[in-house]
Amino acid sequence: MDSRDPHEVSDEGEQKKLALMRAFVEREDPASKEVDDLMLRRFLRARDHDIAKASNQFLKSLKWRRASVPNGFISKSEILNELEQKKIFMQGFDKKGSPIAVVLAAKHFPSKSNVEDFKRLVVYILDKFCASMPGGQEQFTVIGDLQNWGYTNCDIRAYLAALDIMQSYYPERLGKIFVIHVPYIFWAAWKIIYPFIDQKTKKKFVFVEDKKLKETLLQDIDESQLPDIYRGKLQLVPIQDS
């Protein structure tokens, strides 16, 4: 895993690879000219500075976005059913300035959803987080809350779809994910999901013991920015209202 801060200035070697990558992708797809170096750098770092792999994945992402997000964004009207479940919240920033998402997994029911709508929800969420980032910030933090999660909430297809979108089309956006209130039955689902998580992303998962919940979160999030359900001072705000 690249241990460097994502905001720091690229070294000379990386800059040269970035220039080569830009020349290649602009030649293959003129739309690449509209993309800034920070985006290209995220793809480059996600593929361990392999120019060919990074370029191919980036070009694939442009085609994916044109097909999956033809209007350039996902509107609330496209995902009303998903938003009405109020399972995703956004408010506050961690100590690095990354916006914070709270996911209440027990509010997701496969019986009330479908994978295509869920994919659109994921894009809506990721775009909203990227747009909310202050200058110089590239990553967000997630609190994945599994309180009361059970078999009726388990949706492997949706989880894998979300994982694929994030890893393939929004590389290096996830800073850290705290997984909390983990029930024993979740580990069966985790065994299925785990092989599909790339090595860099695996290192961003932090499973938190219940008895160490607040102290663990406070290492990265100030109490003033912590949701009140975790004994912080911010009320949860549904992402569509944030």
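Since we're looking at a predicted model, the values are computed, not measured. (Residues numbered from 1 in each chain as written. Predicted model: local features only at pLDDT ≥ 70, side-chain atom pairs only at ≥ 80, totals over all residues. Heavy atoms only, no water.)

For the rest of this paragraph, the subject is the overall build of the protein. On a plain count of helices and strands, the protein comes out with nine helices and five strands. Written out in order from the N terminus, the α and β elements of the protein read α-α-α-α-β-β-α-β-α-β-α-α-β-α. The C-alpha radius of gyration computed for the protein amounts to 18 Å, which stays within 12% of the reference 18 Å derived for 242 residues, consistent with globular compactness. Dimensions of the protein, computed from the C-alpha atoms along their principal axes, are close to 50 × 35 × 35 Å. Within the protein, the proportion of its 242 residues that are buried is 50%. Looking at the protein alone, contacts between residues at least 24 apart form 76% of all its contacts between residues at least 6 apart. Accessible surface computed for the protein: about 12500 Å², of which carbon and sulfur atoms make up 54%. Counting 38 positive and 35 negative side-chain charges, the protein places the averaged centre of each group 2 Å from the other. (Helix = DSSP H or I, 4+ residues; strand = E, 2+ residues; numbered from the N terminus. Rg over C-alpha atoms; globule rule 2.2 N^0.38 Å. Buried < 20%, exposed > 50% of the residue type's maximum accessible area, 1.4 Å probe, protein only. Contact = heavy atoms within 4.5 Å. Areas by Shrake-Rupley, 256 points an atom, 1.4 Å probe, with all protein chains shown as cover. Lys, Arg positive; Asp, Glu negative; His and termini not counted. Charge placed at Lys NZ, Arg CZ, Asp CG, Glu CD.)

On to the layout of surface pockets, then. The space that makes up the largest pocket amounts to roughly 610 Å³. Along its surface, the largest pocket is lined by 26 residues, and V35, M39, R42, R65 and R173 are the ones closest to its centre. Secondary-structure elements contributing two or more residues to the lining of the largest pocket are α2 (37–46), α3 (51–68) and α5 (115–132). Considering each element in turn, the lining of the largest pocket owes the most residues, six residues, to α3. (1 Å grid on protein atoms, 1.4 Å probe; cavity = no way out; pocket = protein on both sides within 12 Å on 5 of 7 lines; lining within 4 Å. Points joined across faces, edges and corners; volume = space filled by probe spheres on them.)

Turning to the packing of aromatic side chains, a few remarks are in order. Counted by the stated rule, this structure contains 12 aromatic pairs. Here the aromatic rings of W190 and Y194 are separated by 5.6 Å at their centres, their planes lie at 55 degrees, and the arrangement is tilted. Consider the rings of W190 and F207, whose centres lie 5.1 Å apart with planes at 75 degrees: the pair is edge-to-face. With a gap of 17 residues between them, W190 in helix α7 (residues 186–193) and F207 in strand β5 (residues 205–207) connect regions that are remote in the sequence. Over the ring of F109 we find K112; its NZ or CZ atom is 5.0 Å from the centre of that ring. (Phe/Tyr/Trp six-rings, centres within 6.5 Å; stacked < 30°, edge-to-face > 60°. Lys NZ or Arg CZ within 6 Å of the ring centre and 35° of its normal.)

Helix length check: helix α6 (residues 156–169), at 14 residues, gives a terminal C-alpha distance of 20 Å against a target of 20 Å (1.5 Å per residue), a fit within 8%. Looking only at α6, the buried set comprises I156, A158, A161, L163, I165, M166, Q167, S168 and Y169. (Expected span 1.5 Å × (residues − 1).)

Caution is warranted with low-pLDDT regions, since their predicted coordinates should not be read in detail. Chain-level pLDDT for the protein is 93 on average; 96% of the residues reach the 70-or-more range. Counting contacts from residues 1–9, a segment whose pLDDT is below 50, to residues more than four positions away or on other chains yields 22 contacts. (pLDDT = per-residue confidence, 0-100.)

On to the nonpolar core, then. Note that soluble globular proteins tend to have their nonpolar side chains buried in a common cluster. Residues F140, I165, Y170 and I239 are the most contacted members of the largest nonpolar core, which totals 40 residues. Secondary-structure elements contributing two or more residues to this core are β1 (88–93), α5, β3 (140–145), α6, β4 (174–180) and α7. A per-element tally of this core places α5 first, with nine residues. Setting aside chain neighbours within four positions, we find I165 in contact with W64, K119, V122, V123, L126 and Y170. Membership of the second largest hydrophobic core comes to 13 residues, among which are I180, V208, L213 and L226. (Core = buried A, V, L, I, M, F, W, Y, C linked by side-chain atoms within 4.5 Å.)

To continue, consider helix α9 (residues 213–220). All buried positions along α9 are accounted for by L213, K214, T216, L217 and D220. The buried residues of α9 occupy an angular sector of 160 degrees when the element is viewed end-on, so they sit on one face. On its buried face, α9 sits against β3 and β4. (Arc of directions from axis to C-beta.)

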